[in-house]
Amino acid sequence: MEAPPVTMMPVTGGTINMMEYLLQGSVLDHSLESLIHRLRGLCDNMEPETFLDHEMVFLLKGQQASPFVLRARRSMDRAGAPWHLRYLGQPEMGDKNRHALVRNCVDIATSENLTDFLMEMGFRMDHEFVAKGHLFRKGIMKIMVYKIFRILVPGNTDSTEALSLSYLVELSVVAPAGQDMVSDDMRNFAEQLKPLVHLEKIDPKRLM
Amino acid sequence: MQVRIRLALVTANQPLVTGQKREEKQLEASLDALLSQVADLKNSLGSFIYKLENEYDRLTWPSVLDSFALLSGQLNTLNKVLKHEKTPLFRNQVIIPLVLSPDRDEDLMRQTEGRVPVFSHEVVPDHLRTKPDPEVEEQEKQLTTDAARIGADAAQKQIQSLNKMCSNLLEKISKEERESESGGLRPNKQTFNPADTNALVAAVAFGKGLSNWRPSGSSGPGQPGQPGAGTILAGASGLQPVQMAGAPSQQQPMLSGVQMAQAGQPGKMPSGIKTNIKSASMHPYQR
């Protein structure tokens, strides 16, 4: 079998414009068990999946006013897993008919020398954190329940400290642009998590 | 049916001859149903009593409740059988003993499981009694006369006070129930904290609250950072000089300054603290 010519790969962008639909909420530590229990009931029947990731956010200051942001993520509990490079566009709140936050997204798996590559390109690390939690799936929906730890010594993921007494809960779907119907499914799913967790579209600009 | 051989069942209101046979059959059937229900009940009662007597040391409350539920269910079925429209009215049946004998009767003994050895004049009045015991009858009569002696007004009053007490009690119980219920729910109510949600979202979106190692000079989407020093550290270090300045005597340690202020003007302490915190939280941004 011959490998497809490189030019055929959709790396140039624009061919598939993927969007991430997102709802966010949080759950206090003591209610985590109940939430996990409910999610196990609601989601696809699969082995409970946990993750422990280290995310680094890099900035590239160009001529434009706003810097270019890339997120590099690596798994800390699964040796040999590829790194994950992610670009997220500006989030759009949209109107009332769309029940989720939408932002452009590009996901790429990379080798582990990603940070060196980014640094060579002129990127500088802005901040980093450790995310530890549970992953659930229901169809194309992905539900992540995780705790965020701040890193006390730069680059040393052994000394960390929990950011808050809550777990962040994210319900996300990555779909081609214009598939706003998925937000209806997301809203329905979010309804089923009430009153344990209220998943909402939260505009991060409001929190800056 | 041993008993029925000995006793003649006399139908009080003699029906027409044509309907007699049908009625007899019906009576027989309903008696059989009744007998089987009573036997079931008796078995459950027996096993329950056995349990109480022999397993009381390892008896659990749920199993007692189970037994109760079984008994009450069987009593209900018995009542249903009695009230069934096909069941003839047993009170219209009269039972008269035909033969009384002081001799021991093995058949009867077997049928009653050893409880009634003879069918004599001694036991028959007890077993065929249709009215309460004479003592009970006496007591009932006493009560009736007592009730009759009380005037209608007094009786009404007593009824009212009883009703009032009952309703008060009911209210109290239901209030208690409601409170315990809501009390049980309250700790579960708070399962998330909107402030935490915002903090976490801000953290993943642009690293707010996370230690950032932004090189100096660059201004990210967040606050201006410092080389090597996290914002948290900056906040902590910013706290120190401000509080020192807030304390009246600069050379003294913090603690004694606070104590002095407390001793001098206790009323003004809280406001002093407030300004300290305020200025401390604002300070890091100026550095």
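Everything numeric here is computed off the predicted structure, so don't read it as measured data.

Helices and strands together make up the secondary structure of chain A, namely three helices and nine strands. Listing each helix as α and each strand as β along chain A from the N terminus yields β-α-β-β-β-β-α-β-β-β-β-α. Counting across all 208 residues of chain A, residues that qualify as buried make up 44%. About 11,500 Å² of surface is accessible on chain A, with carbon and sulfur atoms providing 54% of the total.

The next subject is the interface of chain B and chain A. Of the residues lining the interface, 29 residues belong to chain B; the matching set on chain A comes to 40 residues. Between the two partners, chain B and chain A, sit zero salt bridges. Connecting chain B to chain A are 10 residue pairs in polar contact (both at pLDDT 80 or more). When residues of the side of chain B that touches chain A are assigned to their parent elements, the largest contribution, 11 residues, is made by helix α8 (residues 194-206) of chain B.

What follows covers unusual backbone geometry. Cis geometry is adopted by the peptide bond preceding proline 195 of chain A, which originates at lysine 194 of chain A and carries an omega value of 0°. Topologically, proline 195 of chain A is positioned in the segment after α3 (182-193).

Before going further, it helps to examine the packing of helix α1 (residues 32-42) of chain A against α3 of chain A. Residue and element names in this part refer to chain A. For the pair α1 and α3, the least separation of the axes is 10 Å and the interaxial angle reads 135°. With respect to each other, α1 and α3 are oriented oblique. Where α1 crosses over α3, the two elements pack in a sense that is right-handed. On α3, the residues that touch Leu35, Arg38, Leu39 and Leu42 of α1 are Phe189, Gln192 and Leu193. Tallied by class, the residues present in the contact of α1 with α3 amount to five nonpolar, one polar and one charged.

This next bit is on the side chain of threonine 110 of chain A. Residue and element names in this part refer to chain A. Within the secondary structure, threonine 110 is located in strand β5 (residues 101-110). Judged by its relative accessible area of 18%, threonine 110 falls in the buried class. When residues no more than four places from it in sequence are discounted, the contact partners of threonine 110 are Pro82, Trp83 and Leu85.

Residues and elements named next belong to chain A. Secondary-structure assignment places glutamate 55 in strand β2 (residues 49-60). Among the polar contacts listed, one links the side chain of glutamate 55 to the side chain of arginine 71, at a separation of 2.8 Å. Among all residues touching glutamate 55, those that are not within four sequence positions of it are Arg71, Ala72, Arg73, His127, Glu128 and Phe129.

All right, on to α3 of chain A then. Residue and element names in this part refer to chain A. Taking 1.5 Å of rise per residue, 12 residues should cover 16 Å, and α3 covers 17 Å from first to last C-alpha, within 8% of that figure. Among the residues making up α3, those that are buried are Val182, Ser183, Met186, Phe189, Ala190 and Leu193. Down the axis of α3, the buried set is contained in an arc of 120°. They therefore lie on one face.

Another aspect to go through is the environment of threonine 77 of chain B. Residue and element names in this part refer to chain B. Positionally, threonine 77 belongs in helix α3 (residues 61-83). Expressed as a C-alpha distance, the spacing of threonine 77 and leucine 41, which sit 36 residues apart in the sequence, is 9.8 Å. Within the structure, threonine 77 has its side chain in polar contact with the backbone oxygen of glycine 73 (distance 2.7 Å).

This part is about the pattern of salt bridges. Pairing of side chains with opposite charge becomes possible as their charged atoms draw close. All names here are of chain A. Under the definition given, this model contains 20 salt bridges over all chains. Note that arginine 137 is salt-bridged to glutamate 49, the shortest N-O span being 3.6 Å. One end of the pair, arginine 137, is in strand β6 (residues 124-138); the other, glutamate 49, is in strand β2, and 88 residues separate them in sequence. Residue arginine 137 is classed as partly exposed on the basis of its relative accessible area, which comes to 36%. Given a relative accessible area of 26%, glutamate 49 falls into the partly exposed group. Note that arginine 98 and aspartate 180 form a salt bridge whose closest N and O atoms lie 3.8 Å from each other.

It is worth spelling out the confidence of the model for chain B at this point. All names here are of chain B. Per-residue pLDDT for chain B has a mean of 72; in total, 63% of the residues score no lower than 70. Note on residues 1-5: pLDDT is under 50 here. Beyond four places in sequence and across chains, it has eight contacts. Residue range residues 216-287 is modelled with pLDDT below 50. Its contacts to residues more than four positions away, or to other chains, number 45 contacts.

Within the largest apolar cluster, 28 residues are counted, with the highest numbers of intra-cluster contacts made by Tyr21, Leu35, Leu39 and Val145 of chain A. Residue assignment for this core shows that the elements contributing at least two residues are β1 (18-28), α1, β7 (141-153), β9 (166-176) and α3 of chain A. In terms of nonpolar packing, the next biggest core, distinct from the first, is built from 18 residues, Phe129, Met144 and Leu163 of chain A together with Ala203 of chain B among them.

Relative to strand β3 (residues 68-75) of chain A, β2 of chain A is paired through eight bridges, and the arrangement is antiparallel. Each bridged residue has a counterpart across the sheet, and for histidine 54 of chain A the counterpart in β3 of chain A is arginine 74 of chain A.

Mean pLDDT over chain A: 87, with 92% of residues reaching 70 or higher. Here residues 1-14 of chain A scores under 50 on pLDDT; set against residues more than four positions off or in separate chains, the count is one contact.

All names here are of chain B. A contiguous nonpolar patch, built from Val94, Ile96, Leu98 and Val99 and spanning about 330 Å² of accessible area, is present on the exposed surface. When you line up the elements, isoleucine 96 lands in strand β2 (residues 93-97). By relative accessible area, which is 38% here, isoleucine 96 ends up partly exposed.

Calculation rules
Residues numbered from 1 in each chain as written. Chains lettered and ligands numbered in written order. Predicted model: local features only at pLDDT ≥ 70, side-chain atom pairs only at ≥ 80, totals over all residues. Heavy atoms only, no water. Helix = DSSP H or I, 4+ residues; strand = E, 2+ residues; numbered from the N terminus. Buried < 20%, exposed > 50% of the residue type's maximum accessible area, 1.4 Å probe, protein only. Areas by Shrake-Rupley, 256 points an atom, 1.4 Å probe, with all protein chains shown as cover. Contact = heavy atoms within 4.5 Å. Salt bridge = Lys/Arg side-chain N within 4 Å of Asp/Glu carboxyl O. Polar contact = N/O pair within 3.5 Å; in protein donor to acceptor, adjacent residues only side chain to side chain. Axes fitted to C-alpha atoms, helices over the stretch in contact; angles between N-to-C directions. Parallel < 35°, antiparallel > 145°, perpendicular 65-115°, else oblique. Left-handed = near helix turned anticlockwise from the far one by under 90°. Nonpolar A, V, L, I, M, F, W, Y, C, P; charged D, E, K, R; others polar. Expected span 1.5 Å × (residues − 1). Arc of directions from axis to C-beta. pLDDT = per-residue confidence, 0-100. Core = buried A, V, L, I, M, F, W, Y, C linked by side-chain atoms within 4.5 Å. Pairing = 2+ DSSP bridges. Patch = residues over 30% accessible without salt bridge, like charges linked within 9 Å, V, L, I, M, F, W, Y side chains within 5 Å.

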